[in-house]
Amino acid sequence: MSSSDSKAITQNKRTARNEIDMIHGGLAGKIMLFALPIAAASILQQLFNSADSAVIGQFSSPEALAAVGLNAEPIGIILGLITGLSVGVNVLIARYIGMNRRKEIPAAIHTSMLFSLIVGVILMICGLVSARPLLILISTPDNILDLGVRYLQIYMLGSPFIVIYNF
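Bear in mind that the values here come from a model prediction, so they are computed numbers and not experimental data. Along each chain, residue indices are assigned from 1 in the same order as the chain's sequence is written. Reporting in this predicted model follows two pLDDT cut-offs: at least 70 for local features of residues, and 80 or more for side-chain atom pairs to be given and counted; totals over whole chains, interfaces and linings ignore these cut-offs and use all residues. Processing note: side-chain calculations cover all non-hydrogen atoms of the structure and skip hydrogens and water entirely.

A. Highlighting the overall build of the chain. A run of H or I in DSSP counts as a helix once it spans at least four residues, and a run of E counts as a strand once it spans at least two, with each numbered from the N terminus. When you go through the chain residue by residue, the secondary structure sums to 7 helices and 0 strands. Listing the helices and strands of the chain from first to last along the sequence gives α-α-α-α-α-α-α. Taking all 167 residues of the chain together, the buried fraction comes to 24%. The contact criterion used is simple: two residues touch if any of their non-hydrogen atoms lie within 4.5 Å. For the chain, long-range pairs separated by at least 24 residues make up 64% of all intrachain contacts whose partners lie at least 6 apart in sequence. Residue exposure ignores everything except the shown protein chains as possible cover, and the areas themselves are Shrake-Rupley values with a 1.4 Å probe. Taken as a whole, the chain presents about 11,200 Å² of accessible surface, with 69% of it coming from carbon and sulfur. Here the term buried applies to any residue with accessible area under 20% of the maximum for its type, exposed to any over 50%, and partly exposed to those in between, with areas from a 1.4 Å probe on protein chains only.

Structure (structure tokens):
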């Protein structure tokens, strides 16, 4: 056996350990393994919101804590939209894998990263502009409206990074 054959076998073994073969065999365990990172991301997002609430509850006013809690739903809707869009990229890449067109995967990833950056910037601008009207639309009490708007606008400044992370 030549040294190039040995290197190819070693590379194939290494690749096999890092991939989930969704094409062959039973799917139940593979789907669970595939879903774990998605579940972990959702849990981390909830912990992020809990940490905000804990810190603000400890060091700020009840109105500030109410403003953070008020934004949980709009932020959840935004994250749901981002997650839904990012699933489309996973579907495309899965198709390329299933069709054994792996050389097209890097282009799909680069396109999705550019798309996520553009979506993130658009989302940030829309969020900054529409924070107050959105919170007024959901009948936010006047005593926490300004704090809620400020929190949502600060959150929306991070939209490009949040979208790229989720993609």
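B. Geometry of the environment of V68. Within the secondary structure, V68 sits in helix α3 (residues 62-70). The sequence separation of V68 and I56 amounts to 12 residues, and the corresponding C-alpha distance is 8.3 Å. Excluding anything up to four places from it in sequence, V68 contacts N49, D52, S53, I56 and Y151.

C. Inspection of unusual backbone geometry at higher detail. Even without glycine at this site, N100 takes up a positive phi of about 55°. With respect to the helices and strands, N100 occurs in the loop between α4 (72-98) and α5 (105-137). Judged by its relative accessible area of 61%, N100 falls in the exposed class. Phi is positive for S139, close to 60°, though the residue is something other than glycine. As for its position among the elements, S139 is in the loop between α5 and α6 (142-157).

Function cannot be inferred from these measures alone, as they are strictly geometric.
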